[in-house]
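# Reading the structure
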Amino acid sequence: MTPVKLNKRCVDSLLPPSKGQAVLWDTEVRGYGVRVLPSGTKTFILQYRNPEGIQRRINIGRYGVLTVDQARDQAKLFLASVIKGEDPADETRRARKGMTVAEMCEWYLAEARAGNILGRLNRPIKASSLDMDESRIKTHIIPLLGKRVVAQLSVADVEQMQSDVKNGKTAKARSGGRGGQATGGAGVASRCLGTLQAIIGHAKHKGLLAAHPTQGAKKLASAKRTRRLSVAEIETLGKAIAFAERNHENPVALAVLKTLLLTGYRREEAQAMQRSWVNAAGGFISFPDTKGGAQVRAIGPAALKIVLSQPEMLGNPYVFASEIGAGPYTAVSSCLDRVCKLAGISGVTPHTLRHTFGSIAGELGFSELTIRAMLGHASQNVTQDYIHIDEALKLAVQRTSDEIARLLDLGAKRLAMMSYP
């Protein structure tokens, strides 16, 4: 952005970027500027070189808490201290050692959303992951530990937080969005502990803490999801899907559901699939981003037929397009619940369908390593050309998909026989 003399009007008009951060620099005080994040948060910053010649950048304060002129005056004071041989960043770090849990969580979210904190595979943490982190922070972590000084926390403190979340101490009605109540429980408690430990770990890595005060805290063991559909249940589900199709169930929802069964893709992957990612000739989908990063994933003919049969909606890039707006269809879980109710099957989630695909592959004799690759657990770089995708892997995906399609078709034929006069 072209530097200007910062004033209230230009800061108010500064639009948030779609990702990363945008900075508008001041022409009056060198290195003084305002940073805006995709969330719309605006923070005054100062960039300078310390007495050793190392470039530093520090936050002066949040816009709204400070005015433009107050932040400019503070920037001048910081620069004056640099001339005296001091480093404001070191002072800031020393001050942050007294950060409360709430303050450190706020620091973490701001830095992570700006792309300054790296997660898995040494890449910036995904926005979807940060949204979940923020939900845990606001709902559970801050109410229980927000006022505590991080450096003074103990292993017992964070393990007690975990117990309190598990026992429902922070349960409350949701203010909006999906779901009716944040109830806590063992799974949420374990993830809250993991989130807080990660935040403290990042703070130590960035020099805000000399040591990790709660290292070694034990997370509650989570129940491993092992539910899969039996052969009989897959047939019954096929019968229920056929019945639902006859009775005006949303065809897009049913298409996503069948795609999940026939591919083993994650719910988010199938729902958000875009047409430009589909290579019908090569028999694969090029996902630019998955839980394991960018991947090429094989798709069998039965699933590909469903994908290619979806009607296109003008201005909507998704295979399974929403009827409203330009986004993807996102309610397959509700459709799955309705179909399973028709089938008399319980305890089924989109992950159950993924686990079923892997289990059927195992029954067909494929190795654990091959199954991991089929499910996207193994590295499959998106830069590969389809010619270099392992043909054995493509065959494994096709055989597994064909077997599930056969079982679904048997169920549908059973319905047809029952309906025949």
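Report follows, based on the coordinates. (Residues numbered from 1 in each chain as written. Predicted model: local features only at pLDDT ≥ 70, side-chain atom pairs only at ≥ 80, totals over all residues. Heavy atoms only, no water.)

## A look at the overall build of the chain
When its secondary structure is counted, the chain shows 15 helices and nine strands. Expressed as lengths along the three principal axes of its C-alpha atoms, the size of the chain is roughly 90 × 50 × 40 Å. Across the 421 residues in the chain, those meeting the buried criterion constitute 43%. Considering only intrachain contacts with a sequence separation of at least 6, the fraction spanning at least 24 residues in the chain is 59%. (Helix = DSSP H or I, 4+ residues; strand = E, 2+ residues; numbered from the N terminus. Buried < 20%, exposed > 50% of the residue type's maximum accessible area, 1.4 Å probe, protein only. Contact = heavy atoms within 4.5 Å.)

## Brief notes about the environment of Lys394
In this fold, Lys394 is placed in helix α15 (residues 391-419). Residues Lys394 and Gly300, spaced 94 residues apart in sequence, show a C-alpha to C-alpha distance of 7.5 Å.

## Section: the pattern of salt bridges
All told, the structure shown has 27 salt bridges when counted by the stated rule. A salt bridge links Asp87 to Arg56, with the nearest nitrogen and oxygen atoms 3.0 Å apart. Taken together, the residues span a long stretch of sequence, with Asp87 in the loop between α2 (68-83) and α3 (88-96) and Arg56 in strand β4 (residues 55-62) at a distance of 31 residues. What makes Asp87 buried here is its relative accessible area of 7%. With a shortest N-O distance of 3.7 Å, Lys394 and Glu391 are connected by a salt bridge. A residue pair is termed a helical-turn pair when its members lie 3 or 4 positions apart in one helix, as Lys394 and Glu391 do in helix α15 at three residues. (Salt bridge = Lys/Arg side-chain N within 4 Å of Asp/Glu carboxyl O.)

## Details of the nonpolar core
If you look at the biggest cluster of nonpolar residues, it comprises 53 residues, and the most contacted ones within it are Leu257 and Val339. Of all the secondary-structure elements, those providing two or more residues to this core are α8 (231-246), α9 (251-263), β8 (284-287), α11 (301-308), α12 (332-343), α13 (350-363), α14 (368-374) and α15. With nine residues, the single largest contributor to this core is α9. Val150, Cys192, Leu196 and Ile200 belong to the second largest nonpolar core, which has 29 residues in total. (Core = buried A, V, L, I, M, F, W, Y, C linked by side-chain atoms within 4.5 Å.)

## Some remarks on α12
Look at α12: 16 Å from first C-alpha to last across twelve residues, which is about the 16 Å you get at 1.5 Å a residue. Within α12, burial applies to Val332, Cys335, Leu336, Val339, Cys340 and Ala343. Projection of α12 onto a plane perpendicular to its axis shows the buried side chains occupying an angular sector of 130°, all on one side. Taken together, the buried residues of α12 touch α8, α9, α10 (267-271) and α13. Once α12 ends, the next one or two residues include Gly344, with phi positive near 75°. (Expected span 1.5 Å × (residues − 1). Arc of directions from axis to C-beta.)

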